[in-house]
Amino acid sequence: MQTYLLSQQFNNRSLAVNSTACPANATICSGTSCVLPEDNFNETLSIILSTVLTIMLALVMFSMGCNVDIKKFWGHIKRPWGIFVGFLCQFGIMPLTAFLLSLAFNVLPIQAVVVLIMGCCPGGTASNVIAYWVDGDMDLSISMTTCSTLLAMGMMPLCLFIYTKMWTDSNTIVLPYDSIGISLVALIIPVSFGIYVNHRWPSKAKIILKVGSIVGAVLIVLIAVVGGILYKGSWIISPKLWIIGTIFPAAGYSLGFFLARIAGLSWHRCRTVSLETGMQNTQLCSTIVQLSFTPEQLELMFTFPLIYSIFQLLFALLILGG
């Protein structure tokens, strides 16, 4: 009996020692106080995500360039009325709509910024596919996407500067214009290379275009999955962002169509301008946001491009059905 009690006391002391022992990876230990090395998993994952997003976006833009026929593109440049109407929609209607929706729903300043970045983004490549399905003007669609991408280098920072002043003047948010500018300028390289490939090897360009469309879809899924891991708080989505994400693309499609109709464009061109206005380059928006803002800010803004992407596609399919 005495031997049993001594054994129990020894075991209890061993458990006590083990319970207060520092973890194996501790760098400094003093009793129960330990200094653990910083967990860099999220930081590493964020760097990997930024790198992968940049590479995949470059491939998507390269495939977009492979869709551009120089002769047809130049023909629209010489008769630019359709492109001019599209320009007014893309950099007039969309940023203004983003600004008004942010004011109307009184969202947080950082959320207003991401809504405005989405509104200032150029058209997306998906609009070219949908324009083909709805019997739109494919040449105009491709020309508008290309021009809006090139013009975004100047218009996007300008629109952000004008419309975000009421949120950035208080110095609570500093817009990283250098990061945004570098991201936009970098797009010229893959787009230009894609145009050259289509000019020299049109058959290969068609294959690249198909690969690029698949990569674009994968990119959206990748953003959703990895972003969900990195920014867990971002999935607690404000109902206001859901409502804005629903109204915004619908407003873009509707206002783009009516402005094109007022400008006297034909019905198939009106459909094209409508799609080019409402369908934004959500991959570009996600990449700019990921590269330009802190993890704390991303918690509040990262999911909006995904919300917009869902509803712009849903409304595009409704247009297609109609």
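The structure presented is a predicted model; accordingly, all values stated were derived computationally and were not measured.

1. Considerations on the state of the cysteines
Going through the model one piece at a time under the given rule, you end up with zero disulfides. Free cysteine Cys-89: the closest other cysteine sulfur is in Cys-270, separated by 9.7 Å. The thiol sulfur of Cys-285 is not disulfide-bonded, and the nearest other cysteine sulfur, from Cys-121, lies at 4.6 Å.

2. Examining the nonpolar core
Residues Ile-117, Met-156, Phe-248, Phe-293 and Phe-304 are the most contacted members of the largest nonpolar core, which totals 62 residues. By residue number, the principal contributor to this core is helix 7 (residues 138-163), which donates ten residues. Beyond its immediate stretch of four places on either side in the chain, Met-156 contacts Ile-117, Cys-120, Cys-121, Leu-184 and Ile-288. Residues Ala-131, Val-134, Leu-275 and Met-279 belong to the second largest nonpolar core, which totals seven residues.

3. Looking at the UniProt feature "transmembrane region" (unreviewed entry) in the protein
Within the UniProt annotation, "transmembrane region" (unreviewed entry) is assigned to residues 45-68, 80-104, 110-134, 141-163, 175-196, 208-230, 242-262 and 300-320. Annotation note: span residues 141-163, helix share 100%, strand share 0%, distance between end C-alpha atoms 27 Å. A distance of 33 Å separates the end C-alpha atoms of residues 300-320, which is 90% helix and 0% strand.

Reading guide: rules and limits
Residues numbered from 1 in each chain as written. Predicted model: local features only at pLDDT ≥ 70, side-chain atom pairs only at ≥ 80, totals over all residues. Heavy atoms only, no water. Disulfide = S-S within 2.5 Å. Core = buried A, V, L, I, M, F, W, Y, C linked by side-chain atoms within 4.5 Å. Buried < 20%, exposed > 50% of the residue type's maximum accessible area, 1.4 Å probe, protein only. Helix = DSSP H or I, 4+ residues; strand = E, 2+ residues; numbered from the N terminus. Contact = heavy atoms within 4.5 Å. UniProt positions renumbered as here; feature names shortened; annotations may be inferred.

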